[in-house]
Amino acid sequence: MQESMRMKLNYRTVIFVIAIVFGLFFSAPSLLQLKDGKKITLGLDLQGGLHLLLGVKTEEATKSRIKSIAASIKHFTTREDILVDFLTFDESSITFTLLDGDDVKRVKNYLKDTTGITIDVNAESFLLELTPEEVIRTQKQAVDQAIETIRNRLDQFGLAEPEVARQGDEKILVQLAGIKTQEDEQRARELISRAAKLELMAVDENRAARVQNMSHADAAAYGDIILDDVKNPAIKYLVREIPILDGGMLTDASMGFDQNNRPLINFKLNAEGAEIFGDFTGKNVGKRLAVVLDGKVYSAPNINERIGGGSGQISGSYTVEEAKDLAIALRSGALLAPIYVMEKRSVGPSLGADSIEASMMALIGGFVIVVLFMMLYYRAAGVVANIALIANLFIILAVMSLFGATLTLPGMAGIVLTVGMAVDANVIITERIRELLLEGKSIHKAIEEGYANAMRAILDANITTLIAAVVLYAYGTGAIKGFAITISIGILASMLTAILGTHGIYQLLEARIHRSKNNKFWFGIRESK
Amino acid sequence: MEFFKYTRPFNFMGKSKLTLTLSILMLVTSLVVLMTKGLNYGVDFAGGTIVQVKYTADAPIDEMREKLKSNELFDGASITKFGSADEVVIRMKSATSSITVDIGDVTREALVGTGEYEIRRVDIVGPKVGNELKEKGIMSLVLATIGILIYVAFRFEWRFAVASILALVHDIIIALGAIALVGLDVNLDVLAALLTLLGYSLNDTIIIFDRIRENVTDSKNTELSEVINESVTRTLARTTLTSLTTFFVVFMLFMFGGEIIHAFAFTLLVGVIVGTYSSIFVASPMLLWFGFDIKAYHVKLADKTKREAEKEKMREQFESGMI
């Protein structure tokens, strides 16, 4: 009774206790897997999942921009009966020559409305080039649109938290946690990469019969192209090169079933699309209409009558799953430029579970050894250091939970390492106190001077480790960032627990230590003289 | 318990010729190994593919090799056991860029008929990303070193900074030598371990340097080697203990952390030992070799105090004059 009355409460102890309560409170949701509260997310390497770093072939976007300008020039000159000699285009420019010099002004006038190009006219020859700004704008737009589209698609895919983010100028980072099976991963990958470019094209009935004997060059001479059937590449279709309309005019797509209960996709067109579609079908009864998706013909039904209302169907023998994903892809729009894999990391859930188990083993093993060793070597001082160490672990977990940080396998290694390194501060301090006690200093003096002397060294040592950790965070990627995070939090937390916290405990116990005069019990050393 | 009862300073600096020889020997061996055998860059830096396969029974490695001859994508592929007999890793130099059908899928198909298996991990790193990661990796090591150099020079003195950096370079080269010798794959995790080693080894050095700084400032002894001996001896208990606790946990990671974290743990294991050694036997004697002079340092300190006192005085005069 008398003794506990003498224990001086001090601000350090109060802060330490608050820190412990904070640690316990905020780490609880993660540790006990509570429903509420912010939790630590497990990295893909621990829970399994798919990490993709995608590149965008932005040059394809500029190419298609050039292509569409060329198409519109062709369209304009045909309508206006302007004779054009040899219109050609490459990646970034279009060249053509007019036969009649009198038309130059009309064409120039028409081109005035096209933005983002430079027009160079030499007599009757035209050279059109995309401006550098336009190239950058087009490419940036392609990446933006790809991110948006992929995000839309994955949001509808049904995974908990798909992450789609821009990385650098033209890379896209996709992280899908919690993919459980190979089939799901395959589906996700197909959904991401699908161009989903829908085109309704007219079959060239005049020449369709000869398609098997035609080369691509032959077809091009007629303004046609040859497309394969989606299921059977041996079946070819000859269709007009310029589509009647494309997926840009789509407002909705969903999965449905036909009369035989086979899955199909219903789509709806916007007003403009519906009008074009209605006009075309009205004028071409008896001919065939090819439904083309990503350059493959899905079906080519006969047009029996004018189709108004702007809705249609894409049939094909797909499974329910395929039809569902296809509808999602169509709804979210087409990719302007193709994407490709720059980096892929895929971890199966069973490997993740193994990694968790292995790192937990290492954590517990390391922890037990360190705790026992400290107690054996420093006695009561070791116990004090161990309290700080345990508090440190809880605080790391609490801070990570609070910020919703991701715990990766290297991050786990960082926590294990923190166990070894966080006691360092206490080793330094206790050694200093021991030294001072052996010199015959009083308990009070030994504690205060010990902390003061140790402080500088601990600070310098921790700051240099922090420098390395910050660099690692800035330059590390993926899982390695997790290591930098746990190490940094561990170091910062150790300043609070190992320095401030233990100092408070000693101040609290000072009177008791002083009276007991048992340095062997308290600090594990022989009695001072 | 006390491992080191302080009675009198050990003559560490007297042994510096011996340890210098040892260090040079280790450095030369490491450099020779690095130059002849070279580092084994893993997919993170070299680009390529890793496929980890787990069988329900022992992995039929010969049969797998036979199957993988079917496709030129697998040219130069190596198959090695991964931790246990039923798990293997296939390393390939090629990487694919298709999203829907990648080299992992091709591997899965190719292995059909070799038994019951599960593909547990597929890492594909394209050449561009590999190069980027390599550049970033080297950059991070350089930046961390420069950052530390500046901080230590600012807090101590330039000779301390140069000595600690040289000790770090010493540690990194030997650690890399050990990695090359064992033939571990160098991936991002090894880089992380090297950066940790940087911070850790520096910790040790700084604790000793801090003691030297303290003793240089306080003690009347102007014989540097004696001051260093005294400081190293005084901090010996701490150096050994912390190295021990860190060694314990890293050893636990090495033993139980699983195959994926093996290279990381190995690098740290070597690093803890070399880092502790270098703090005592490389960084400290270097102060001697660089001709750090206690008397000159005292004069500098005195100058600094004087200047500050004068500044303070002038400020006081200025302020009182103003009022």
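Predicted model, so just to flag it, every value in this text is computed and none were measured.

Caption draft 1: Spotlight on the sheet that holds strand 7 (residues 163-167) of chain A. Strand order across the open sheet formed by eight strands is 7(A)-8(A)-2(A)-18(A)-5(B)-2(B)-4(B)-3(B), with antiparallel pairing between neighbours. In the strand order of this sheet, the two ends are held by strand 7 of chain A together with strand 3 (78-82) of chain B, each with one partner. For this sheet, the mean angle separating the axes of adjacent strands, direction not counted, is 25°.

Caption draft 2: Region of the structure containing the interface of chain A and chain B. Across the boundary between the two partners, chain A contributes 62 residues, which contact 58 residues of chain B. Of all the secondary-structure elements, those providing two or more residues to the side of chain A that touches chain B are helix 7 (182-193), strand 18 (339-347), helix 11 (349-378), helix 13 (409-438), helix 14 (443-475) and helix 15 (479-516) of chain A. The greatest single-element share of the side of chain A that touches chain B, amounting to 15 residues, is contributed by helix 11 of chain A. Across the side of chain A that touches chain B, the residue classes tally to 38 nonpolar, 14 polar and ten charged.

Caption draft 3: Looking closely at the packing of helix 2 (residues 11-31) of chain A against helix 15 of chain A. Residues and elements named next belong to chain A. Running from N to C, helix 2 and helix 15 cross one another at 130°; their axes reach a closest spacing of 8 Å. In terms of axis orientation, helix 2 runs oblique to helix 15. The two elements helix 2 and helix 15 meet at a crossing, and its hand is left-handed. Residue-level inspection shows Arg12, Thr13, Ile15, Phe16 and Ala19 of helix 2 in contact with helix 15, the latter providing Leu496, Thr497, Leu500, Gly501, His503, Gly504, Ile505, Gln507 and Leu508. Split by residue class, the contact of helix 2 with helix 15 holds seven nonpolar, six polar and one charged.

Caption draft 4: Examining the environment of Gly440(A) more closely. Among the secondary structure elements, Gly440(A) is positioned in the loop between helix 13 and helix 14. Along the sequence, Gly440(A) and Val84(A) sit 356 residues apart, while their C-alpha atoms lie 105 Å from each other.

Caption draft 5: Highlighting the sheet that holds strand 13 (residues 250-257) of chain A. Residue and element names in this part refer to chain A. The three strands lie next to each other as 13-14-17, forming an open sheet whose pairing is antiparallel. Of all the strands in the sheet, just strand 13 and strand 17 (311-314) have a single pairing partner and so form its edges. Adjacent strand axes in the sheet meet at a mean angle of 25° when their direction is disregarded. Here seven bridges tie strand 13 to strand 14 (residues 263-269), and the two strands are oriented antiparallel to one another. Across the sheet, Met255 pairs through a bridge with Ile265, a residue of strand 14.

Caption draft 6: The arrangement of the domain arrangement of chain B in detail. Split by domain assignment, chain B resolves into domain 1 (13-40 + 130-292) and domain 2 (48-125). Spacing between the C-alpha centres of domain 1 of chain B and domain 2 of chain B amounts to 38 Å.

Caption draft 7: Representation of the domain arrangement of chain A. Entries for chain A in the domain assignment read domain 1 (2-48 + 348-523), domain 2 (50-146 + 168-176 + 332-344) and domain 3 (197-331). Centre-to-centre, using C-alpha coordinates, domain 2 of chain A lies 25 Å away from domain 3 of chain A.

Caption draft 8: Inspection of the pairing of strand 16 (residues 296-299) of chain A at higher detail. All names here are of chain A. Relative to strand 16, strand 10 (residues 224-229) runs parallel, the two being bridged by two bridges. Its bridge partner lying in strand 16, Asp228 is registered against Lys296. Taken together, strand 15 (residues 289-293) and the strand that follows it, strand 16, pair antiparallel across an intervening segment of two residues, in which Asp294 is found at a positive phi of about 50°.

Caption draft 9: Quick peek at helix 11 of chain A. Between its first and last C-alpha atoms helix 11 of chain A spans 43 Å; for 30 residues at 1.5 Å apiece the expected length is 44 Å, and the two agree. Just downstream of helix 11 of chain A, Arg379(A) is the residue with a positive phi angle, here 55°.

Caption draft 10: Representation of unusual backbone geometry within the structure. Residues and elements named next belong to chain A. One non-glycine residue with positive phi stands out, namely Asp81, at about 60°. Here Asp81 lies in the loop between helix 4 (58-79) and strand 3 (84-89). Non-glycine residue Asn261 carries a positive phi angle of around 65°. Counting through the fold element by element, Asn261 comes out in the loop between strand 13 and strand 14.

Caption draft 11: Structural view of the nonpolar core. Of all hydrophobic cores here, the largest spans 238 residues; its most connected members are Ala146(A), Leu330(A), Val416(A), Leu472(A), Ala175(B), Leu194(B) and Leu195(B). Leave out the neighbours within four places in its chain, and Leu194(B) touches Leu141(B), Ile172(B), Ala175(B) and Thr267(B). Residues Ile66(A), Phe96(A), Leu128(A) and Leu130(A) belong to the second largest nonpolar core, which totals seven residues.

Caption draft 12: Expanded view of helix 13 of chain A. All names here are of chain A. The first and last C-alpha atoms of helix 13 sit 44 Å apart over 30 residues, in line with the 44 Å expected at 1.5 Å per residue. Its axis deflected by about 30° at Thr418, helix 13 carries its strongest bend there. Backbone geometry just downstream of helix 13 places Gly440 in the positive-phi region, at approximately 95°.

Caption draft 13: Representation of the packing of helix 12 (residues 380-402) of chain A against helix 15 of chain A within the structure. Residue and element names in this part refer to chain A. For the pair helix 12 and helix 15, the least separation of the axes is 8 Å and the interaxial angle reads 140°. Between helix 12 and helix 15, the angle falls in the class oblique. Viewed along their axes, helix 12 and helix 15 form a crossing whose handedness is right-handed. Judged by residue contacts, Val384, Ala385, Ala388, Ala391, Asn392, Ile395, Ile396, Val399 and Met400 of helix 12 engage Thr486, Ile489, Gly490, Ala493, Ser494, Thr497, Ala498, Gly501, Thr502 and Ile505 from helix 15. Class assignment of the residues belonging to the contact of helix 12 with helix 15 gives a composition of twelve nonpolar, seven polar and no charged.

Caption draft 14: How the structure looks around the environment of Ile276(A). Residues and elements named next belong to chain A. Note on placement: Ile276 falls in helix 9 (residues 271-283). Ile276 sits in the partly exposed class, given 16 other C-beta atoms within 10 Å. Expressed as a C-alpha distance, the spacing of Ile276 and Ile244, which sit 32 residues apart in the sequence, is 7.5 Å. If we ignore the near neighbours within four places in the chain, the residues touching Ile276 are Ile244 and Leu245.

Cut-off values and rules
Residues numbered from 1 in each chain as written. Chains lettered and ligands numbered in written order. Predicted model: local features only at pLDDT ≥ 70, side-chain atom pairs only at ≥ 80, totals over all residues. Pairing = 2+ DSSP bridges. Helix = DSSP H or I, 4+ residues; strand = E, 2+ residues; numbered from the N terminus. Axes fitted to C-alpha atoms, helices over the stretch in contact; angles between N-to-C directions. Contact = placed C-beta atoms within 7 Å. Nonpolar A, V, L, I, M, F, W, Y, C, P; charged D, E, K, R; others polar. Parallel < 35°, antiparallel > 145°, perpendicular 65-115°, else oblique. Left-handed = near helix turned anticlockwise from the far one by under 90°. Domains from an automatic or database assignment. Expected span 1.5 Å × (residues − 1). Core = buried A, V, L, I, M, F, W, Y, C linked by C-beta atoms within 7 Å. Buried ≥ 20, exposed ≤ 12 C-beta atoms within 10 Å, placed from the backbone. Bend = angle between axes of the 7 residues up to and from the residue.

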